[in-house]
Amino acid sequence: MANTSDRVCIIGGGPAGLACAVYLEKKGYENYVIYEKLNKVGGKAYSPKIEVNGEKRAYETGAIMGAITYHAVSEMEAFGGYYHKGPNFKKGEPNMRREYRSVTGEKIEPFNPKVDKSFKKTIGLLKLKMQFKKLKKLMQTKYAGYDCYGHLGVAAGKYDGISKIVKNADGSNAGEAFPNYIRGTNPNLKDLALPFREFCELNHVPEVQRIWIAPFTSFGYGYFDEIPAAYVLKYLDMTTAAEFVGMRLWTWQDGTQEIYESVNRKLKHPALLNTEVVKVQRPDGKVLVTVRDASGSETTETFDKLIITTPLDYFKDYADASQDEKALFSKIVHEKYVDFIARFEENKGPVISGYIFENMEPARLGHAMVYYHRWEDFGKNCPCTVYALRNHTGDKDVPYDKTLQLMKDDIEKALKFPISEVLYAQESYYCPHVSSEDYKNGWYDKLEKLQGVNNTYYAGEILSFGDMEDTCAASKDIVGRFF
Ligand SMILES: Cc1cc2nc3c(=O)[nH]c(=O)nc-3n(C[C@H](O)[C@H](O)[C@H](O)COP(=O)(O)OP(=O)(O)OC[C@H]3O[C@@H](n4cnc5c(N)ncnc54)[C@H](O)[C@@H]3O)c2cc1C
């Protein structure tokens, strides 16, 4: 039962945690606290400022882009008063231009029918086009109901969540149509538990993986032989995938971090920074939260309700987790996504972002899959972010240091862009998800049954998908249904 005077603890000041606070305020809750262990909000939306030619601009080492399907992020923008650029970029705005490179550095044009008019290429592109169209139809018919946030009921052949379809003709946020809950039964949806590769083969559309791979695998979300199709198609639903193909994307001038910094500035209770939650106990209908501040001193506060937006597999280690929580959360796996920002020798860097498809296969684990050139006007002197994955189910992880070296070698030796300095190297706890087997066995429906037990609610990336939109939308859903 909603009690707006309840004291609510939110763990994590990333997109999910701040979105929870926004939606709580909208429902009249004013007695909440957000704990954030770092000295900034935004979590993996992290946009450090770097000086080039005497000018400081924002670069992205975490989240970069959005699309017209970013309805919950639009609500964050409106709350904070800070908005995206694009999809039609003006001069001086960070854009998403791209080209493709072979593993040996040559420019390639895999999707351009005008370059290389060979029979093989023409047939290949035709097949791709036809299979894309076929999948689009299948998703509207055989898999109707797939395009809602979250995974409730999918393992049992049902759908139940906020629809991703917002009705404005131009795809922009229709306000009153979001959230539009849809519910129904469709036994075919069980196929979404299959790894995406098997799902495509089952539906005779294997070629479409060539389209999905760039915005999925190179963006760190894993390989198609291991990731359940549900994650791939809920993130890159047919509309979002088409927007990526058509390069109709969004970016943020001062970086994605600024979306959440702006939100935080407008909240009645901005996040408490440098405050790490180190212990949670839930006796007698109360929630006791122990936090450690920057000086190392610990204090314990009492709450009525708890929302966890941080990794649940870590939560079980510092909280009085129940057997059910331990059993469920130990199934969560995540990707190890490595990226760094590189400066290049004077006038020797790339002038546009690049994708290296051959490095998006498990056999090339640890190699650079994509690099992001954000500021067109900086030409060959623009620092770029370079990205690689270092884990794949069934293979040994590539060590972190070795991954950084492989990535550097790819950029310098294969692509011939000499790096002068590496800035902000990091590995992210990325794209938490469950295996096909656990998905099929109803992991998400088991999690749903735990919502509210011990006054505890689960939000964040695992709920729907590891992107800004899905995390913010999951917060809207959790606050909407349980508070
Ligand atoms: C390289 C990269 C590229 C990406 N590209 C995109 C993109 O283009 N578009 C897109 O939409 N998304 C992108 N993402 C994903 C997006 O950033 C995440 O999905 C999103 O930030 C998840 O939000 P969250 O709040 O669930 O988690 P997080 O962003 O991880 O935030 C969690 C917060 O909790 C804090 N925290 C953790 N433990 C504790 C604790 N014990 N106590 C207190 N605080 C704690 C953390 O410090 C962090 O601030 C990208 C991410 C990365 C890393």
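Residues numbered from 1 in each chain as written. Predicted model: local features only at pLDDT ≥ 70, side-chain atom pairs only at ≥ 80, totals over all residues.

Asker: Can you break down the packing of helix H2 (residues 71–80) against helix H14 (residues 468–482) residue by residue, with the values?
Answerer: Helix packing for two helices is described by the angle between their axes and how far apart those axes are. Between H2 and H14, the least distance of the axes is 7 Å, while the angle of their chain directions is 80 degrees. By the angle between their directions, the pair H2 and H14 is classed as roughly perpendicular. Only Met 468, Glu 469, Cys 472, Ala 473 and Lys 476 of H14 make contact with H2, whose side of the interface consists of Ala 72, Val 73 and Met 76. Here the residues of the contact of H2 with H14 are counted per class, giving six nonpolar, no polar and two charged. (Axes fitted to C-alpha atoms, helices over the stretch in contact; angles between N-to-C directions. Helix = DSSP H or I, 4+ residues; strand = E, 2+ residues; numbered from the N terminus. Parallel < 35°, antiparallel > 145°, perpendicular 65-115°, else oblique. Contact = placed C-beta atoms within 7 Å. Nonpolar A, V, L, I, M, F, W, Y, C, P; charged D, E, K, R; others polar.)

Asker: Which residues make up the nonpolar core, and what are the values?
Answerer: Counting 140 residues, the largest nonpolar core has Cys 20, Val 232 and Ala 459 as its most contacted members. When residues in this core are grouped by element, the largest group, eight residues, is from helix H1 (residues 15–26). Residues lining this core come from more than one domain, with at least three contributed by each of domain 1 (8–44 + 256–332 + 434–482) and domain 2 (101–245). Those residues in contact with Val 232 that lie beyond four places of it in its chain are Phe 196, Trp 212, Phe 216 and Ile 227. (Core = buried A, V, L, I, M, F, W, Y, C linked by C-beta atoms within 7 Å. Buried ≥ 20, exposed ≤ 12 C-beta atoms within 10 Å, placed from the backbone. Domains from an automatic or database assignment.)

Asker: Explain the site of the ligand to me, and be specific about the residues and the numbers.
Answerer: Close to the ligand lie 35 residues, the nearest being Gly 12, Gly 14, Ala 16, Gly 43 and Ala 63. Mapped by element, the contributors of at least two residues to the shell around the ligand are H1, strand E9 (276–281), strand E13 (333–344), strand E17 (419–433) and H14. (Near = placed C-beta within 6 Å.)

Asker: So what about the domain arrangement of the protein? Which residues, and what values?
Answerer: Here the protein is partitioned into domain 1 (8–44 + 256–332 + 434–482) and domain 2 (101–245). The partner domain 2 presents 20 residues to the 19 residues of domain 1 that form the contact. Within the residue set of the side of domain 1 that touches domain 2, elements represented by two or more residues are helix H12 (436–440), helix H13 (443–450) and H14. When residues of the side of domain 1 that touches domain 2 are assigned to their parent elements, the largest contribution, six residues, is made by H14.

Asker: Describe the sheet that holds strand E5 (residues 98–101), and please don't skip the residues or the numbers.
Answerer: Across the sheet, which stays open at both edges, the seven strands sit in the order E6-E5-E14-E15-E16-E13-E17 with mixed pairing between neighbours. Of all the strands in the sheet, just strand E6 (107–108) and E17 have a single pairing partner and so form its edges. The pairing of E13 with strand E16 (residues 384–389) spans six bridges and is antiparallel. Of the residues in E16, the one forming a bridge with Asp 339 is Tyr 387. (Pairing = 2+ DSSP bridges.)

Asker: I'd like a rundown of the environment of Ala 2, residues and numbers included.
Answerer: Turning to its location among the elements, Ala 2 is positioned in the segment before strand E1 (8–11). Taking the C-alpha atoms as reference, Ala 2 lies 9.7 Å from Arg 481; in sequence the two are 479 residues apart.

Asker: Give a description of the sheet that holds strand E10 (residues 287–292) that names residues and reports values.
Answerer: If you trace the three strands from one edge of the open sheet to the other, you get E9-E10-E11, paired in antiparallel fashion. The strands lining the two open edges of the sheet, one partner per strand, are E9 and strand E11 (298–303). Neighbouring strand axes in the sheet, compared pairwise and without regard to direction, differ in orientation by 25 degrees on average. Looking at chain direction, E9 and E10 are connected through five bridges and run antiparallel. Its bridge partner being in E10, Val 280 is matched across the sheet by Val 289.

Asker: Can you explain the environment of Lys 107? Please cite residues and give values.
Answerer: Within the fold, Lys 107 resides in strand E6. The exposed category is assigned to Lys 107, around which 11 C-beta atoms lie within 10 Å. Here the alpha-carbon distance between Lys 107 and Ile 123, two residues 16 residues apart in the chain, equals 21 Å. When sequence neighbours within four positions are dropped, the list of residues in contact with Lys 107 reads Glu 99 and Arg 101.

Asker: How would you explain H14 if you had to name every residue and give the values?
Answerer: An ideal rise of 1.5 Å per residue puts 21 Å on 15 residues; H14 measures up with 21 Å between its terminal C-alpha atoms. In terms of burial, H14 is a largely internal element, twelve of the 15 residues being buried. Of the surrounding secondary structure, the elements contacted by the buried residues of H14 are H1, H2, strand E7 (158–162), helix H6 (229–235), strand E12 (305–308) and strand E18 (456–458). (Expected span 1.5 Å × (residues − 1).)

Asker: Run through unusual backbone geometry, naming residues and quoting values.
Answerer: Leave glycine aside and you will find that most residues have negative phi; peptide bonds, for their part, are mostly trans. A cis amide bond links Gly 86 with the next residue in sequence, Pro 87, at an omega value of 10 degrees. Residue placement: Pro 87 occurs in the loop between H2 and E5. Here Asn 53, not a glycine, exhibits a phi torsion of approximately 50 degrees, which is positive. Asn 53 sits in the exposed class, given 9 other C-beta atoms within 10 Å. Of note in the backbone geometry, Met 247 takes a positive phi value of approximately 55 degrees without being a glycine.

Asker: Talk me through the pairing of E5; I want residue IDs and the actual numbers.
Answerer: In the case of a regular strand, side chains alternate between the two sheet surfaces. As paired elements, E5 and strand E14 (residues 353–355) share three bridges and run parallel to each other. Note on E14: the bridge partner recorded for Glu 99 is Gly 354. Where E5 and E6 come together, two bridges link them in antiparallel fashion. Paired with Tyr 100 across the bridge in E6 is Ile 108. Connecting E5 to the next strand, E6, in antiparallel fashion are five residues, including Gly 105 with a positive phi near 100 degrees.

Asker: Break down the packing of H2 against helix H8 (residues 257–266) for me, citing the residues and quoting the values.
Answerer: Relative to each other, H2 and H8 sit at 50 degrees, their axes nearing to 8 Å. By the angle class used here, H2 and H8 are oblique. Seen along the crossing, H2 lies across H8 with a hand that is left-handed. Between H2 and H8, the contacting residues are Val 73, Met 76, Glu 77, Phe 79 and Gly 80 on the first element and Ile 259, Ser 262, Val 263 and Lys 266 on the second. Residues belonging to the contact of H2 with H8 are distributed by class as follows: five nonpolar, two polar and two charged. (Left-handed = near helix turned anticlockwise from the far one by under 90°.)

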